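Summary of structural features
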Amino acid sequence: MPVFEQAAFLPLAMDGLRTQSVEDWELIVVDDGSQDDTPEVVPLLTADPRVRSVRLPDNAGLGAAVNAGLARAAAPVVAYLPADDRYDDVDHLADLLRVLGDPAVVLAYAGVRHHGDRESLAAPPDFPLQLVQVAHRRTRLRWPERHEQESDDLDRLMWSRLRRHGGVAGTGRVTCRWIDHPGQRHKAIRERFDGGPNVFRQRYRVTAPLRLHSSDGGLVDEVGRYARQRARQLPARPDGLTILLVGELSYHPDRVLALAERGHRLYGLWTPEPLGVDTVGPVPFGHVTDLAPENWVAAVRALRPDVIYAQLNFRAVRFADAVRRACPDTPFVWHYKEAPQRSIARGDWPTLAALTGSADAVVLSSPLERDWFERALPGRLAPDRTLVVDGSLPKADWFDGTPPARLSERDGEVHTAVLGRPVGLDPAFLRVLAGHRIHVHLHGLRDGPGPQGAWRSWLAEAREAADGYLHVHPAVDERGWVSVLGAYDAGWMHRTASHNGGDVGRATWDDLNHPARIGTLMAAGLPLLAPEHAGHAVAVSDLVRTTGVGLTYADPEDAAAQLADPHRLGTARATVARRRHEFTFDRYADRLLELFAEVRSG
């Protein structure tokens, strides 16, 4: 029984076990570093001589907890009872043992109730077999531990490995319950539940870089990605600033190392409610010292930072405002990106307005976003203390390297890239591109909440429409921006409609946003492909027109015609090569530091 901070569930789980018709069981309870009431509840269970317990000093992860139990178990058959699940039928264990009576079977599973009263005789739909369903013969196999890989996919972690040792069979009866609640481990991992590395990191107090595999988004390898950054020495200057980063860092979080490279000391204090993409500490690239969240007010006062640099998206607003109120005498710089509209929908607009209006300086992420705030908060943004710097610009280090030969040089056809969600690239649009022999390469499709999760139903129709010109690839992290993505000719921005008629007060977030993929495409040397949005105020279209780092198009035929024009595409590519380093955080680090000095001086 692995348990982590689920003391309230333990009596329910034990009730189902104690009523089993099979009585010669042993239970190994493994407390994986809980800081709730679990250490007080577990000893109450061990009054039963069949129950033993072990406590790990810190959370070590599912693999380590289960392995600790396996190391202490004596029985020839292993079953699992997570503390937040239940055996519902008195013959649950008896049924599993009956199936394992066949010597050819190595793994048995029961049917399960899940998500309320839904039932499945096998795995719950869209999930692997769950721990509570399974019993298997004892083998020498051990579960992967955190330093190897964390995953919500139990097939990947263990079941597929067991299948190599024998057959798998079901009991044919529903006898257990997989209890649906917000604290389930898989929900901290999978993007469709707003999980991801940062939610997982914070929930389980992970202090080292992760190798985290999600069924929705694939592998995130922070160990390999940030090995070079962690190994660097970044000594602080005697006159360097003490900068407290507050909130979350979102995409391309290692950009803040540009401040450490300039001799400044970085500390972190993170929002307690991040989304999966909202990077919080301990950051996997190092060089940021976290303050203890349990008594952060005292920790900030003891640190006496020279400046608080709070950021970045709507999930950080409440916490950033709390820090500002608790530390009124510390210079406070508020860097905001996404999105005023999200904050309004969440009920946080009064907080965001107060935070933005009272900060000592404000940094916004596009000229159009600044214009929106000036309309929404007239007279409250000081022009000399308001900057425009995209909050998710990447670190310049990732722009190094030699790009490969372009695919178009090999086959004479245009190859374009989509990073992440293929927003607006409907099958009809793709059909036109395919008719002009233009390839679209999708990198990093992943499930997610809301429209992010719609790509699976879209993909089959899109492939049929594109007739061989649509290709699906894994996500590419920073290490492959130049070497992999550099093989394409251009990259698509979100294809969204605008209806603001040039009135920034009517702008949506799609109108105001500079998506994080801009920096990635610039690193790869790819011109941006953006809708023209004639007559409307749209930040990306304005950026492409004013800088020349891409092409704007009116419709798919116009896009195809421009991509087929070697002069226009070549001119855009040359402009990107000349200006791409303008799209790095390093480019603006010195100006930000000047701003920090200005607010310190009053």
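You'll find the structure just up there.
Read on for an overview of the structure. Being a predicted model, the structure only gives us computed values, none of them experimental.

The next subject is the overall build of the chain. Each helix and strand in the chain was counted, giving 23 helices and 25 strands. In summary, the chain has a C-alpha radius of gyration of 27 Å against a globular reference of 25 Å for 602 residues, a match within 12%. Seen through its principal axes, the chain has C-alpha atoms that stretch 75 × 65 × 45 Å. Every one of the 602 residues in the chain was classed for burial, and the buried ones make up 58%.

In this section: the nonpolar core. Ranked by size, the top nonpolar core spans 56 residues in total, and within it Ile243, Tyr309, Val333 and Leu528 carry the most contacts. It is helix α23 (residues 586-601) that provides the largest number of residues to this core, a total of six residues. Non-local contacts of Ile243, meaning those with residues more than four positions away in its chain, are made with Leu259, His264, Arg265, Leu266, Tyr267, Val307, Tyr309, Leu593 and Phe596. Trp296, Ala359, Leu377 and Ala539 belong to the second-largest nonpolar core, a separate cluster that totals 39 residues.

What follows deals with the packing of helix α16 (residues 427-435) against helix α21 (residues 556-563). Contact pair α16 / α21: the axes reach a minimum separation of 9 Å and the direction vectors enclose 35 degrees. Every pair of crossing elements has a handedness; the one defined by α16 and α21 is right-handed. Note on element contacts: α21 touches α16 through Pro556, Glu557 and Ala560, opposite Phe429, Val432 and Leu433. Its residues placed into classes, the contact of α16 with α21 shows five nonpolar, no polar and one charged.

This part is about the sheet that holds strand β11 (residues 211-214). The mixed open sheet is built from three strands, whose spatial order is β9-β11-β12. Sheet topology places β9 (150-151) and β12 (218-221) at the edges, where each strand pairs with a single neighbour. By the bridge criterion, four bridges tie β11 to β12 in an arrangement that is antiparallel. Across the sheet, the residue bridging to His213 is Leu219, located in β12.

Looking now at the packing of aromatic side chains. Considering all chains together, one arrives at 18 aromatic pairs under this definition. The interplanar angle of 70 degrees and the centroid separation of 5.6 Å between the aromatic rings of Tyr226 and Phe285 together place this pair among those described as edge-to-face. Remark: Phe285 occurs in the loop between β14 (265-270) and β15 (289-290) and Tyr226 occurs in the loop between α7 (222-225) and α8 (227-231); sequence separation between them is 59 residues. Owing to a relative accessible area of 2%, Tyr226 belongs among the buried residues under this scheme. Measuring from centroid to centroid gives 5.5 Å for Phe429 and Trp492, while their planes differ by 80 degrees, and the two rings are edge-to-face. Of this pair, Phe429 sits in helix α16 while Trp492 is found in strand β23 (residues 490-492), placing the two residues 63 residues apart along the sequence. Take Phe429 and Trp492: they sit in the same class, and that class is buried. An aromatic cluster is defined as three or more aromatic residues linked by ring pairs; in this entry it consists of Trp334, Tyr336, Trp349, Trp372 and Phe373. Sitting above the plane of the Phe193 ring, Lys187 keeps its charged end 5.9 Å from the centroid.

On to α23, then. For α23, which comprises 16 residues, the first-to-last C-alpha distance of 24 Å matches the rise-based estimate of 22 Å (1.5 Å per residue) to within 8%. Residues of α23 that are buried include every one of Asp586, Ala589, Leu592, Leu593, Leu595, Phe596 and Val599, and no others. Down the axis of α23, the buried set is contained in an arc of 160 degrees. They therefore lie on one face. Exposed and facing more than 90 degrees away from the buried side of α23 are Arg587 and Ser601.

Within α16, the full set of buried residues consists of Pro427, Phe429, Leu430, Leu433 and Ala434. Considered in projection along α16, the buried side chains sweep an arc of 155 degrees and stay on one side of the axis. Capping the start of α16, Asp426 holds a side-chain oxygen 3.1 Å from the backbone nitrogen of Ala428, two or three residues further along. Looking one or two residues beyond α16, the residue adopting positive phi is Arg437, at roughly 60 degrees.

Moving on: the environment of His533. Assignment of secondary structure puts His533 in the loop between β24 (528-531) and α20 (539-547). Residue classification places His533 among the buried residues on the basis of a relative accessible area of 12%. Counting along the chain gives 34 residues from His533 to His499, while the straight-line C-alpha distance between them is 9.0 Å. When residues no more than four places from it in sequence are discounted, the contact partners of His533 are Thr496, Ala497, Ser498, Val538 and Ser541.

Another aspect to go through is the pairing of strand β18 (residues 361-364). Alternating positions in β18 separate into two faces, Ala361 and Val363 on one and Val362 and Leu364 on the other, with burial throughout. Inspection of the sheet shows strand β17 (residues 332-336) paired to β18 by four bridges, in the parallel sense. Residue pairing for β18: Tyr336 is matched across the bridge by Leu364. Here β18 runs beside strand β19 (residues 386-388); their pairing, made up of three bridges, is parallel. The residue bridging Val363 from the neighbouring strand is Leu387, located in β19. For the segment spanning β18, helix α14 (residues 367-376) and β19, crossover handedness is right-handed.

Looking now at empty space enclosed by the protein. Unfilled space is identified by rolling a water-sized probe across the atoms. Applying the stated criterion to the full structure yields two cavities of 30 Å³ or more. When contributions to the lining of the largest cavity are tallied by element, the ones reaching two or more residues are β24 and α20. Residue composition of the lining of the largest cavity, grouped by class: six nonpolar, five polar and one charged. Quantified by volume, the second largest cavity comes out at close to 30 Å³. Broken down by class, the residue content of the lining of the second largest cavity amounts to three nonpolar, two polar and two charged.

About the cut-offs
- Residues numbered from 1 in each chain as written.
- Predicted model: local features only at pLDDT ≥ 70, side-chain atom pairs only at ≥ 80, totals over all residues.
- Heavy atoms only, no water.
- Helix = DSSP H or I, 4+ residues; strand = E, 2+ residues; numbered from the N terminus.
- Rg over C-alpha atoms; globule rule 2.2 N^0.38 Å.
- Buried < 20%, exposed > 50% of the residue type's maximum accessible area, 1.4 Å probe, protein only.
- Core = buried A, V, L, I, M, F, W, Y, C linked by side-chain atoms within 4.5 Å.
- Contact = heavy atoms within 4.5 Å.
- Axes fitted to C-alpha atoms, helices over the stretch in contact; angles between N-to-C directions.
- Left-handed = near helix turned anticlockwise from the far one by under 90°.
- Nonpolar A, V, L, I, M, F, W, Y, C, P; charged D, E, K, R; others polar.
- Pairing = 2+ DSSP bridges.
- Phe/Tyr/Trp six-rings, centres within 6.5 Å; stacked < 30°, edge-to-face > 60°.
- Lys NZ or Arg CZ within 6 Å of the ring centre and 35° of its normal.
- Expected span 1.5 Å × (residues − 1).
- Arc of directions from axis to C-beta.
- Polar contact = N/O pair within 3.5 Å; in protein donor to acceptor, adjacent residues only side chain to side chain.
- Right-handed = clockwise from strand over helix to strand, strands pointing away.
- 1 Å grid on protein atoms, 1.4 Å probe; cavity = no way out; pocket = protein on both sides within 12 Å on 5 of 7 lines; lining within 4 Å.
- Points joined across faces, edges and corners; volume = space filled by probe spheres on them.

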